[in-house]
Amino acid sequence: MTQEHRTTNMVRIYQLTLAEAAALIQRKYPLTEQELLQMRPLEEYDFLTFFEQIRPNRRRNFDAAALTGENPVSVPLPHEVDKLIFPGQVRTPGAFCFCSDLVWEIVPGEPGEPARLVLRCEYFCIPLTS
Amino acid sequence: MISTLPPTRIEIERINASFSVALRRGDAAGMAAVYTTDAQLLPPHGAMYSGRAEIQSFWQGVIEQGIVAADLETLEFEAYGNMAWEVGKGVLKGKDGQVRNEVKYLVIWKREQGVWRWHRNIWNSNRPVP
């Protein structure tokens, strides 16, 4: 959560691999706020860009994959498990963020490698100053 | 789950959720972040609060009274250009989960520099005068 000068609502996406998520479940408490803040978001968008451009494209890809049966892209797991992985909310010096969407996904691997299961959390961030 | 709601409605829901999450955290600054800088709060049985600093102090007082949760539900929402209005209902809860108040509210939203915020906020209790 680095760009604290922003004044627009943001979507910041964090991702963990299955192994990383499993390690957090084993230690019995989720990432701390500090640990999350030390990670780089996988992706970061202003809200409208995300919902007007990025997400509709993903939805089209999602629907296309479902039609062809090529990729099972969503793997819901019990919410009790999810709570043990990402912090529900994070306060940075410039924004208040909460985990608004959490989804397990199977993503393609590198060439020659199998697909990977990852957990992605979309944090909706509202700036504290404008 | 990928929502099919239009972006404005999704943003409104995210902002309302942000308010509720900030209250659960006891973060009055996070709650005040959903308001425009020149917002006005019109609570029942009290004076008007103008501007984020005053609004933050109001919500800090609510937190200190032991309110820890506000479950908000939008009943009506319409947007016209850079203004919108929302009618909803809310349940305020104390630390033990006890319902402390049930309210209906009106929020006039304003979009400033592309960002939706609460601009005017008034509510009152559903309960009879004690």
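The structure contained in this document is the topic of the report that follows. Computed from a predicted structure; not experimentally measured. (Residues numbered from 1 in each chain as written. Chains lettered and ligands numbered in written order. Predicted model: local features only at pLDDT ≥ 70, side-chain atom pairs only at ≥ 80, totals over all residues. Heavy atoms only, no water.)

1. Comments concerning the overall build of chain A
If you tally the helices and strands in chain A, you get 4 helices and 5 strands. In chain A, the order of α-helices and β-strands from amino to carboxyl end is β-α-α-β-α-α-β-β-β. The burial tally for chain A puts 37% of its 130 residues in the buried class. Summarising the internal contacts of chain A: among those between residues at least 6 apart in sequence, 72% fall at separations of at least 24. Element-wise, carbon and sulfur atoms account for 55% of the exposed surface of chain A, whose accessible area totals about 7100 Å². (Helix = DSSP H or I, 4+ residues; strand = E, 2+ residues; numbered from the N terminus. Buried < 20%, exposed > 50% of the residue type's maximum accessible area, 1.4 Å probe, protein only. Contact = heavy atoms within 4.5 Å. Areas by Shrake-Rupley, 256 points an atom, 1.4 Å probe, with all protein chains shown as cover.)

2. Comments concerning the sheet that holds strand 3 (residues 67–80) of chain B
Residue and element names in this part refer to chain B. The strand order across the open sheet built from 6 strands is 2-1-6-5-4-3, with neighbouring strands paired in mixed fashion. Each edge of the sheet is formed by a strand with only one pairing partner; in this case those strands are strand 2 (49–50) and strand 3. Note: strand 5 (residues 99–112) against strand 6 (residues 115–125), 10 bridges, orientation antiparallel. By the bridge assignment, isoleucine 108 is partnered in strand 6 with arginine 120. Helix 1 (residues 7–25) rests against strand 1 (35–42), strand 3, strand 4 (83–94), strand 5 and strand 6 of the sheet, and its axis sits at about 165° to strand 3. Contacts from helix 3 (residues 51–64) reach strand 1, strand 2, strand 3 and strand 6, with the element oriented near 50° to strand 1. (Pairing = 2+ DSSP bridges. Axes fitted to C-alpha atoms, helices over the stretch in contact; angles between N-to-C directions.)

3. Some remarks on the interface of chain B and chain A
Between chain B and chain A, the contact holds 26 residues from the first and 24 residues from the second. For the pairing of chain B and chain A, the buried interface totals around 2200 Å² over both sides, and the portion due to carbon and sulfur atoms is 59%. Counting every contact that joins chain B to chain A gives 3 salt bridges. In this structure, arginine 25 of chain B and glutamate 33 of chain A form a salt bridge, with 2.7 Å as the shortest nitrogen-oxygen distance. (Buried area = accessible area lost by both parts, 1.4 Å probe. Salt bridge = Lys/Arg side-chain N within 4 Å of Asp/Glu carboxyl O.)

4. A short note on helix 1 of chain B
All names here are of chain B. If you check helix 1, its first and last C-alpha atoms are 26 Å apart, about what 19 residues at 1.5 Å a residue would give, namely 27 Å. If you check which residues of helix 1 are buried, you get Ile10, Glu11, Ile12, Arg14, Ile15, Asn16, Ser18, Phe19, Ser20, Val21, Ala22 and Leu23. Glycine 26 occupies a position one or two residues after helix 1 and carries a positive phi of about 70°. (Expected span 1.5 Å × (residues − 1).)

5. Let's talk about the side chain of glutamate 86 of chain B
Residue and element names in this part refer to chain B. As for its position among the elements, glutamate 86 is in strand 4. Nearest to the buried, unbridged glutamate 86 among oppositely charged side chains is arginine 9, at 6.7 Å. At 2.6 Å, the side chain of glutamate 86 and the side chain of threonine 74 are in polar contact. At 3.0 Å, the side chain of glutamate 86 forms a polar contact with the side chain of tryptophan 109. Setting aside anything within four residues of it in sequence, one finds glutamate 86 in contact with Asn16, Thr74, Glu76, Phe77, Tyr105, Leu106, Val107 and Trp109. (Lys, Arg positive; Asp, Glu negative; His and termini not counted. Polar contact = N/O pair within 3.5 Å; in protein donor to acceptor, adjacent residues only side chain to side chain.)

6. Observations regarding the sheet that holds strand 3 (residues 89–91) of chain A
Here we have 5 strands laid out as an open sheet, ordered 2-1-5-4-3 (chain A), and antiparallel in their pairing. Pairing within the sheet leaves two strands with one partner each, and these edge strands are strand 2 (43–46) and strand 3 of chain A. Going from strand to strand, the sheet's axes swing by 25° on average, the running direction of each strand aside. Sheet topology note: the strand 1 (residues 10–17) of chain A/strand 2 of chain A ladder contains 4 bridges and is antiparallel. Directly across from arginine 12 of chain A, in strand 2 of chain A, lies its bridge partner glutamate 44 of chain A. Contacts from helix 1 (residues 18–27) of chain A reach strand 1, strand 4 (95–107) and strand 5 (116–127) of chain A, with the element oriented near 85° to strand 1 of chain A. Across the face of the sheet, helix 1 of chain B comes into contact with strand 3, strand 4 and strand 5 of chain A while running at roughly 115° to strand 4 of chain A.

7. Re the state of the cysteines
By definition, a disulfide links the sulfur atoms of two cysteines through a covalent bond. Residues and elements named next belong to chain A. For the structure on display, the rule yields 2 disulfides over all chains. The disulfide partner of cysteine 97 is cysteine 125, and the gap between their sulfur atoms is 2.2 Å. Of note, the bridge from cysteine 97 to cysteine 125 carries an S-S torsion of about 115° and is right-handed in sense. One end of the pair, cysteine 97, is in strand 4; the other, cysteine 125, is in strand 5, with 28 residues separating them in the sequence. Looking at cysteine 97, the relative accessible area reads 0%, which means it is buried. Taking the relative accessible area as the measure of exposure, cysteine 125 reaches 2% and is therefore buried. Covalent S-S linkage joins cysteine 99 and cysteine 121, the inter-sulfur distance amounting to 2.0 Å. Placement of the pair is cysteine 99 in strand 4 and cysteine 121 in strand 5, with a sequence separation of 22 residues. For the pair cysteine 99 and cysteine 121, one class covers both residues: buried. (Disulfide = S-S within 2.5 Å.)

Just geometry here; none of it tells us what the structure is for.
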